[in-house]
Amino acid sequence: MNATSKRVVIFFCTILWAVVTLRSPSAAQTSRGADVAVVVNSDTPIADLSLSEVRKVLLGERQYWNSKLPVVLLIRAPAARERDVVLRVIYQMSEAQFKQYWVAKIFRAEAAAPPRIVYSNDMQFELLTALPGAIAFVDSRNMRPGVKVLRVDGHVPGDKDYPLR
Amino acid sequence: MHRRLAVLVMMIFGANAAWAQSPAPLDQAEQIRILLERVQQLEKRVAELETKAPTTAAATESAVNVAAITKPAAAVAVPPPGPVQGHQHETAETQTSAGQMEVHYPSLQIRGFGDVNFSATDQKGTPSGFNLGQLDLHLASSLSRKVTYFGELTFNAQPTGYTVEVERSIIRYDYNDFFKLSFGRYHTPIGYWNTAFHHGAWLQTTISRPDMVRVGGTFIPVHFVGLLAEGNIPSGAAGLSYNVGVGNGRGSIISRPGDAGDNNNNRAWVANLYSRPAKLYGLQMGVSVYRDKITLPVVSPAGNEFREWISAAHIVWTKENPEFLAEFANVNHKNILTNASTNNQAYYVQVGYRLPWLEKTLKPYYRFEHTHTPFSEQVFTNQDLVGSIVGLRYDITNYASFKSEYRNTKRLPTDPRVNGAFFQTDFTF
């Protein structure tokens, strides 16, 4: 193989790499948004949770804040960024696995109902304020007064080491 | 040569351009995201306008009304177009609406499971063919904030018709996460499989259950009638939980619990302790013990009463990359009259892996299982088994799958090995 052929092969490989890299889903999905805040009804007697405790709540392994206050899970509808973050960071599941998880959870008699689905921030905040024990995941740019933002692993949204993003 | 390479490069660019013209799911997801953001902006604007309006009564409206107001705006964002559209009715979550904001009791939810099977083996005298698996109906109903009912009914195909079985019927009172008390008919909390998958074939990776927890089998008592306390144990990162129960134990037919009443005055008890460590999300390991007195209906010169002591352990990795399940159980029977004691052991190890291709719909798996009953065993008939299963699960949709398996099993040392091909489609609805 002469020098010109080598150059052409290198050029061809570079083109191939560029095509694959630019078209890969990961490249398209790396656009970063704001942190996702863990928000609870203001009467909920809690201010700080570790990420594994948040996971326990979302998995339905912790169902009560205390003996008088059940947890009410609110999760955004598919395609919302908050939901993507919750599934990726906390559940570590795909959309299909998440659905199957809750079917199995109820079938095992470990929970009576799946999380409530909410379609917009407005609905989310209304439910958060109306339902004692409610917990939801909100884009930190869209925060509103009247709810409580929890620290996760000691960090608030915006901190460098905040885990939900 | 240069001309050939140039043509090749042009073909790649051409293919890339053609690819770019086809609708990509990611672009559609991005569009949905943009639409959702737009809806949120509009909602914010509406909220601002409402607060500026002289009648600010809306701020004090009940949550029911508020939800009803926000619903139409939200509905714009809900139906996801493109590839997601096919699954828009498949959501497992509760769609929060104005009606559901009000808490109604009882709130009954019904879900069903079903499966259809085909099998063919080289065992003499066993015909190949189709068979209908269990049709399984699951009921869950909140009776109040802290009281819930769970039920499970199966319809089983028999040569002369169908039988209906109450598999589970449980009423549970939740005090908090640490103490939940229930009464009824359960799947006995021994090991992992028996309480993880119940009768829904769709829930489990494989076509069949391991022999040691086979429905209708006798190795462990699959069902239990009595009361059960369960909950978490404050244990920090260890993530400990427990089940402790008292009940009738095995009936005169030892594969069945004493649904209509115990056949002796001795209660069985069961305790199960397991850990889900916080740092190792997906891992569960646990130990179980079960104690009972068995009274067989036929009295022999050696007596018909036995003490049963079951000890079991399990370790599972519930994520699917990989999935790993392993269980072991020892069943000890001691003749009350003669003090003769026997130990029966069974275990299985199952591994699976959700492949990353084809939208993660494929999951190959393998299971090895072994059961040993000694010749001196007086309660069980021989249950010896050495078997391997290799199979592939294909998830047709989020709620239906197709499974194919090859099995190689051997019962007694004198029995021939049996090879078989098994196929199943299972689903939940």
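The rules behind these values
- Residues numbered from 1 in each chain as written.
- Chains lettered and ligands numbered in written order.
- Predicted model: local features only at pLDDT ≥ 70, side-chain atom pairs only at ≥ 80, totals over all residues.
- Helix = DSSP H or I, 4+ residues; strand = E, 2+ residues; numbered from the N terminus.
- Buried ≥ 20, exposed ≤ 12 C-beta atoms within 10 Å, placed from the backbone.
- Contact = placed C-beta atoms within 7 Å.
- pLDDT = per-residue confidence, 0-100.
- Core = buried A, V, L, I, M, F, W, Y, C linked by C-beta atoms within 7 Å.
- Arc of directions from axis to C-beta.
- Expected span 1.5 Å × (residues − 1).
- Pairing = 2+ DSSP bridges.

A.B. asks: I'd like to hear about the overall build of chain B, residue by residue, with values.
C.D. replies: Scanning chain B for helices and strands turns up five helices and 18 strands. In chain B, which comprises 429 residues, the proportion classed as buried is 30%. Across chain B, every contact between residues at least 6 apart in sequence was considered, and the portion connecting residues at least 24 apart equals 54%.

A.B. asks: I'd like to hear about the confidence of the model for chain A, residue by residue, with values.
C.D. replies: Residue and element names in this part refer to chain A. When pLDDT is averaged along chain A, the result is 85; 81% of the residues meet or exceed 70. Per-element mean pLDDT across chain A ranges from 38 in helix α2 (residues 25-29) up to 96 in helix α3 (residues 51-58). Throughout residues 18-31 the model reports pLDDT below 50, and contacts reaching past four residues in sequence, or to other chains, amount to six contacts.

A.B. asks: Quick one: what's the story with unusual backbone geometry, residue by residue and with numbers?
C.D. replies: All names here are of chain B. Note the cis peptide between Tyr-105 and Pro-106, where omega equals -5 degrees. Looking at where Pro-106 falls in the secondary structure, it is placed in the loop between α4 (98-101) and β2 (107-121). Residue Pro-322 follows Asn-321 across a cis peptide bond; omega there is 0 degrees. Within the fold, Pro-322 resides in the loop between β12 (305-317) and β13 (323-335). Positive phi, close to 50 degrees, is recorded for His-198, a residue that is not glycine. In this fold, His-198 is placed in the loop between α5 (193-196) and β8 (223-232). The residue Asn-339 is not glycine, and still its phi comes out positive at about 65 degrees. Counting through the fold element by element, Asn-339 comes out in the loop between β13 and β14 (341-352).

A.B. asks: Before we move on, can you summarise the nonpolar core with the specific residues and values?
C.D. replies: Counting 34 residues, the largest nonpolar core has Val-38, Leu-74, Ala-134, Ile-135 and Ala-136 of chain A as its most contacted members. Looking at this core, the elements with two or more residues in it are β1 (36-41), α3, β5 (72-76), α4 (81-91), β6 (116-118), α6 (121-130) and β7 (134-139) of chain A together with α2 (25-52) of chain B. Leave out the neighbours within four places in its chain, and Ala-136 of chain A touches Val-39, Leu-74, Gln-124 and Leu-128 of chain A. Ranked by size, the runner-up nonpolar core spans 25 residues in total, among them Leu-228, Ala-268, Val-316 and Leu-325 of chain B.

A.B. asks: So what about the confidence of the model for chain B? Which residues, and what values?
C.D. replies: All names here are of chain B. Per-chain confidence: chain B averages 83 in pLDDT, with 79% of residues scoring 70 or above. Note that pLDDT drops below 50 for residues 7-26; the model gives that stretch 13 contacts with residues more than four away or on any other chain. Reported confidence for the predicted complex is 0.78 by ipTM and 0.78 by pTM.

A.B. asks: Outline α4 of chain A, supporting the account with residue identities and numerical values.
C.D. replies: Residues and elements named next belong to chain A. All of the buried residues in α4 are Glu-82, Arg-83, Val-86 and Ile-90. Viewed along the axis of α4, the buried residues span an arc of 95 degrees, placing them on a single side of the element. Along its buried surface, α4 packs onto β1, α3, β5 and β7. At the C-terminal side of α4, Gln-92 shows a positive phi close to 55 degrees.

A.B. asks: I'd like a description of helix α5 (residues 95-107) of chain A, backed by residues and values.
C.D. replies: In this model, α5 of chain A (13 residues) spans 19 Å end to end at C-alpha, consistent with the 18 Å of a helix rising 1.5 Å per residue. Listed as buried for α5 of chain A are Phe-98, Lys-99, Gln-100, Trp-102, Val-103, Ala-104, Ile-106 and Phe-107 of chain A. Here the buried face of α5 of chain A lies against α4 of chain A together with β2, β4 (135-142) and β18 (418-428) of chain B. Looking one or two residues past α5 of chain A, Ala-109 of chain A carries a phi angle of roughly 65 degrees, positive in sign.

A.B. asks: Got a sec to walk through the pairing of β18 of chain B? Specific residues and values, please.
C.D. replies: Residue and element names in this part refer to chain B. Note: β2 against β18, nine bridges, orientation antiparallel. Residue pairing for β18: Asn-117 is matched across the bridge by Gln-424. Strand direction decides the pairing type here: strand β17 (residues 400-410) and β18, joined by 10 bridges, are antiparallel. Counterpart to Tyr-406 in the pairing with β18 is Ala-421.

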